[in-house]
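Chains, contacts and geometry: an overview
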Amino acid sequence: MYESRFMNPLCLPLHTERLILRELTPDDTRALAQILGDAEVMRHSVAGVLSEKATGEFIDWCRISYRERGFGPWAVVEKSTSTLAGFCGLNAERVDGKDEIEIGYRLATGFWGKGLGTEAARSTLAYGFKELQVPSLIAIVQPANFASVKVIQKLGFGGFVHSQYHRQGVRIYRMTAQQWALGRAVESQDTQFP
(Lines give C-alpha, C1' and ligand atoms only; values in the text may rest on other atoms or scores of the structure.)
Protein backbone atom coordinates (compact mmCIF):
# COMPACT_ATOMS: atom_id res chain seq x y z
CA MET A 1 0.00 0.00 0.00
CA TYR A 2 2.73 2.50 0.95
CA GLU A 3 6.19 2.61 -0.54
CA SER A 4 9.15 1.42 1.50
CA ARG A 5 10.54 4.96 1.68
CA PHE A 6 7.87 5.62 4.34
CA MET A 7 9.50 2.96 6.49
CA ASN A 8 12.51 5.09 7.43
CA PRO A 9 13.32 5.23 11.15
CA LEU A 10 11.30 7.86 12.92
CA CYS A 11 13.03 11.15 13.63
CA LEU A 12 11.20 11.55 16.91
CA PRO A 13 10.65 13.32 19.10
CA LEU A 14 9.90 16.47 17.11
CA HIS A 15 10.46 19.76 18.90
CA THR A 16 8.72 23.05 18.24
CA GLU A 17 8.90 26.25 20.26
CA ARG A 18 6.29 25.07 22.79
CA LEU A 19 5.69 21.40 22.05
CA ILE A 20 7.21 17.96 21.86
CA LEU A 21 5.66 15.40 19.50
CA ARG A 22 6.57 11.82 20.38
CA GLU A 23 5.19 8.31 20.02
CA LEU A 24 2.12 7.51 22.10
CA THR A 25 2.67 4.78 24.69
CA PRO A 26 0.31 2.72 26.86
CA ASP A 27 1.28 5.04 29.74
CA ASP A 28 -0.60 7.83 27.91
CA THR A 29 -3.92 5.95 27.99
CA ARG A 30 -5.50 7.57 31.06
CA ALA A 31 -4.53 11.16 30.13
CA LEU A 32 -5.52 10.73 26.47
CA ALA A 33 -8.80 9.07 27.49
CA GLN A 34 -9.73 12.21 29.43
CA ILE A 35 -9.18 14.24 26.27
CA LEU A 36 -10.89 11.84 23.85
CA GLY A 37 -13.71 11.28 26.33
CA ASP A 38 -14.63 14.98 26.21
CA ALA A 39 -17.72 15.52 24.05
CA GLU A 40 -16.56 19.01 23.08
CA VAL A 41 -13.18 17.72 21.82
CA MET A 42 -14.86 14.89 19.90
CA ARG A 43 -17.80 16.86 18.53
CA HIS A 44 -16.51 16.62 14.94
CA SER A 45 -14.98 13.13 15.21
CA VAL A 46 -16.49 10.30 13.17
CA ALA A 47 -15.65 7.98 16.10
CA GLY A 48 -17.43 10.07 18.73
CA VAL A 49 -16.45 10.09 22.39
CA LEU A 50 -13.97 7.32 23.31
CA SER A 51 -13.86 5.28 26.50
CA GLU A 52 -10.57 4.52 28.25
CA LYS A 53 -10.65 1.04 26.68
CA ALA A 54 -11.23 2.48 23.19
CA THR A 55 -8.44 5.02 23.79
CA GLY A 56 -6.09 2.16 24.69
CA GLU A 57 -7.06 0.40 21.46
CA PHE A 58 -6.41 3.64 19.54
CA ILE A 59 -2.92 3.85 21.08
CA ASP A 60 -2.27 0.20 20.17
CA TRP A 61 -3.33 0.98 16.59
CA CYS A 62 -0.98 4.01 16.53
CA ARG A 63 1.93 1.85 17.70
CA ILE A 64 1.24 -0.71 14.96
CA SER A 65 1.15 2.13 12.43
CA TYR A 66 4.55 3.42 13.63
CA ARG A 67 6.07 -0.04 13.03
CA GLU A 68 4.30 -0.88 9.79
CA ARG A 69 4.17 2.52 8.06
CA GLY A 70 6.76 4.72 9.76
CA PHE A 71 4.10 7.23 10.85
CA GLY A 72 0.95 7.60 12.92
CA PRO A 73 -0.73 9.95 15.40
CA TRP A 74 1.78 11.20 18.00
CA ALA A 75 1.44 12.51 21.53
CA VAL A 76 1.51 16.31 21.71
CA VAL A 77 3.17 17.38 24.96
CA GLU A 78 3.40 20.96 26.21
CA LYS A 79 7.09 21.60 26.98
CA SER A 80 6.60 24.02 29.87
CA THR A 81 4.38 21.66 31.91
CA SER A 82 5.12 18.20 30.40
CA THR A 83 1.33 17.87 30.04
CA LEU A 84 -0.21 15.68 27.34
CA ALA A 85 -2.22 18.17 25.29
CA GLY A 86 -3.61 15.70 22.74
CA PHE A 87 -2.37 14.09 19.55
CA CYS A 88 -1.31 15.11 16.06
CA GLY A 89 0.10 13.03 13.26
CA LEU A 90 -0.34 11.27 9.97
CA ASN A 91 -2.91 8.55 9.27
CA ALA A 92 -3.29 6.10 6.39
CA GLU A 93 -6.82 6.50 5.04
CA ARG A 94 -8.84 5.19 2.13
CA VAL A 95 -10.72 8.15 0.67
CA ASP A 96 -12.80 8.15 -2.49
CA GLY A 97 -11.25 4.84 -3.53
CA LYS A 98 -7.64 6.00 -3.11
CA ASP A 99 -4.98 5.36 -0.48
CA GLU A 100 -4.14 8.70 1.12
CA ILE A 101 -2.11 10.05 4.01
CA GLU A 102 -4.10 12.42 6.17
CA ILE A 103 -3.02 14.88 8.83
CA GLY A 104 -5.18 14.66 11.95
CA TYR A 105 -5.18 16.25 15.40
CA ARG A 106 -7.14 16.61 18.63
CA LEU A 107 -6.25 18.84 21.56
CA ALA A 108 -7.79 19.18 25.01
CA THR A 109 -10.03 22.25 25.32
CA GLY A 110 -7.59 23.90 27.75
CA PHE A 111 -5.10 24.14 24.88
CA TRP A 112 -7.48 25.66 22.33
CA GLY A 113 -7.03 29.18 21.01
CA LYS A 114 -3.27 29.31 21.64
CA GLY A 115 -2.00 28.32 18.20
CA LEU A 116 -0.77 24.96 19.48
CA GLY A 117 -2.80 22.95 16.97
CA THR A 118 -1.23 24.90 14.12
CA GLU A 119 2.23 24.52 15.66
CA ALA A 120 1.86 20.75 16.02
CA ALA A 121 0.33 20.36 12.56
CA ARG A 122 3.07 22.47 10.95
CA SER A 123 5.70 20.19 12.48
CA THR A 124 3.78 17.14 11.26
CA LEU A 125 3.60 18.51 7.72
CA ALA A 126 7.36 19.10 7.76
CA TYR A 127 7.90 15.52 8.87
CA GLY A 128 5.66 14.16 6.13
CA PHE A 129 7.17 16.17 3.32
CA LYS A 130 10.80 16.42 4.46
CA GLU A 131 11.47 13.13 6.22
CA LEU A 132 8.96 10.76 4.57
CA GLN A 133 9.00 12.58 1.22
CA VAL A 134 5.31 11.98 0.61
CA PRO A 135 4.03 13.53 -2.64
CA SER A 136 0.90 14.98 -1.01
CA LEU A 137 -1.09 15.06 2.21
CA ILE A 138 -4.80 15.58 2.77
CA ALA A 139 -6.89 17.02 5.57
CA ILE A 140 -10.45 15.77 6.09
CA VAL A 141 -12.55 18.48 7.74
CA GLN A 142 -16.24 18.85 8.45
CA PRO A 143 -17.33 22.30 7.19
CA ALA A 144 -18.86 23.17 10.59
CA ASN A 145 -15.52 22.60 12.33
CA PHE A 146 -14.48 26.24 11.96
CA ALA A 147 -11.44 25.95 14.23
CA SER A 148 -10.01 23.09 12.17
CA VAL A 149 -10.74 24.91 8.90
CA LYS A 150 -8.79 27.88 10.31
CA VAL A 151 -5.81 25.65 11.23
CA ILE A 152 -5.81 24.06 7.76
CA GLN A 153 -5.85 27.47 6.09
CA LYS A 154 -3.01 28.76 8.32
CA LEU A 155 -0.96 25.74 7.26
CA GLY A 156 -1.35 26.72 3.61
CA PHE A 157 -3.95 24.21 2.40
CA GLY A 158 -5.94 25.92 -0.32
CA GLY A 159 -8.90 24.59 -2.21
CA PHE A 160 -10.96 21.57 -1.32
CA VAL A 161 -13.38 19.09 -2.80
CA HIS A 162 -16.61 17.96 -1.18
CA SER A 163 -16.81 14.29 -0.34
CA GLN A 164 -18.38 11.70 1.96
CA TYR A 165 -16.31 10.21 4.77
CA HIS A 166 -17.91 7.68 7.11
CA ARG A 167 -21.28 8.85 5.74
CA GLN A 168 -20.63 12.47 6.66
CA GLY A 169 -20.25 15.41 4.32
CA VAL A 170 -16.65 16.67 4.52
CA ARG A 171 -14.14 18.83 2.73
CA ILE A 172 -10.98 17.14 1.49
CA TYR A 173 -8.10 19.60 1.39
CA ARG A 174 -4.85 18.61 -0.35
CA MET A 175 -1.31 19.97 -0.19
CA THR A 176 1.44 18.72 -2.48
CA ALA A 177 5.12 18.60 -1.59
CA GLN A 178 5.72 21.37 -4.12
CA GLN A 179 3.07 23.62 -2.53
CA TRP A 180 4.56 22.96 0.91
CA ALA A 181 8.07 23.82 -0.33
CA LEU A 182 6.81 27.08 -1.87
CA GLY A 183 5.00 28.04 1.33
CA ARG A 184 8.02 27.09 3.40
CA ALA A 185 10.18 29.45 1.39
CA VAL A 186 7.86 32.27 2.44
CA GLU A 187 7.60 31.53 6.17
CA SER A 188 10.28 30.33 8.56
CA GLN A 189 10.17 26.70 9.63
CA ASP A 190 9.93 26.11 13.40
CA THR A 191 10.57 22.37 13.40
CA GLN A 192 13.93 21.06 14.55
CA PHE A 193 14.86 17.50 13.68
CA PRO A 194 17.36 15.70 15.90
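Residues numbered from 1 in each chain as written. Predicted model: local features only at pLDDT ≥ 70, side-chain atom pairs only at ≥ 80, totals over all residues. Heavy atoms only, no water.

Within the secondary structure, Thr109 sits in the loop between strand 5 (98–107) and helix 3 (116–131). Those residues in contact with Thr109 that lie beyond four places of it in its chain are Asp38, Glu40 and Val41. (Helix = DSSP H or I, 4+ residues; strand = E, 2+ residues; numbered from the N terminus. Contact = heavy atoms within 4.5 Å.)

Looking at where Arg63 falls in the secondary structure, it is placed in helix 2 (residues 52–69). Along the sequence, Arg63 and Pro26 sit 37 residues apart, while their C-alpha atoms lie 9.3 Å from each other. Ignoring any residue separated from it by four or fewer positions in sequence, one finds Arg63 in contact with Glu23, Leu24, Thr25 and Pro26.

What follows covers the pattern of salt bridges. Under the definition given, this model contains eight salt bridges. Ionic pairing is found between Glu119 and Arg18, a salt bridge with its closest N-O pair at 2.7 Å. Remark: Arg18 occurs in the loop between strand 1 (14–15) and strand 2 (19–23) and Glu119 occurs in helix 3; sequence separation between them is 101 residues. Residue Arg18 is classed as partly exposed on the basis of its relative accessible area, which comes to 32%. (Salt bridge = Lys/Arg side-chain N within 4 Å of Asp/Glu carboxyl O. Buried < 20%, exposed > 50% of the residue type's maximum accessible area, 1.4 Å probe, protein only.)

The next subject is unusual backbone geometry. Located in the positive-phi region is Ser82, a residue other than glycine, with phi close to 60°. Along the chain, Ser82 turns up in the loop between strand 3 (73–78) and strand 4 (83–95). On the accessibility criterion, Ser82 (60% relative accessible area) is exposed. Look at Gln133: it is not a glycine, yet its phi comes out positive at around 55°. Tracing the backbone through its elements, the reader meets Gln133 in the loop between helix 3 and strand 6 (136–141).

Tallied over the entire structure, the rule returns five aromatic pairs. Centre to centre, the rings of Trp74 and Tyr127 are 5.0 Å apart; their planes meet at 90°, and the pair counts as edge-to-face. On the criterion of sequence distance, the pair formed by Trp74 in strand 3 and Tyr127 in helix 3 is long-range, its members being 53 residues apart. Each member of the pair, Trp74 together with Tyr127, is buried. Aromatic ring contacts, followed pair by pair, group Phe58, Trp61 and Phe87 into a single cluster. In this structure, Arg171 packs its charged tip against the face of Phe160, placed 4.3 Å from the ring centre. (Phe/Tyr/Trp six-rings, centres within 6.5 Å; stacked < 30°, edge-to-face > 60°. Lys NZ or Arg CZ within 6 Å of the ring centre and 35° of its normal.)

Chain-level statistics for the protein give a pLDDT mean of 88 and a share of 88% at 70 or above. Note that residues 1–5 has pLDDT below 50 and, in this model, 11 contacts with residues that lie over four places away or in other chains. (pLDDT = per-residue confidence, 0-100.)

Mapped onto the elements of the fold, Thr29 is located in helix 1 (residues 29–36). Setting aside residues no more than four positions away along its own chain, Thr29 makes contact with Glu52, Thr55, Gly56 and Ile59.

For any two helices packed against each other, one specifies the inter-axial angle together with the distance between the axes. Where helix 1 meets helix 2, the closest approach of the two axes is 9 Å, and the angle between their N-to-C directions is 115°. Relative to helix 2, the element helix 1 is oriented roughly perpendicular. Here the hand of the crossing between helix 1 and helix 2 comes out right-handed. Within the contact between the two elements, helix 1 uses Thr29, Arg30, Leu32, Ala33 and Leu36 and helix 2 uses Glu52, Thr55, Gly56, Phe58 and Ile59. (Axes fitted to C-alpha atoms, helices over the stretch in contact; angles between N-to-C directions. Parallel < 35°, antiparallel > 145°, perpendicular 65-115°, else oblique. Left-handed = near helix turned anticlockwise from the far one by under 90°.)

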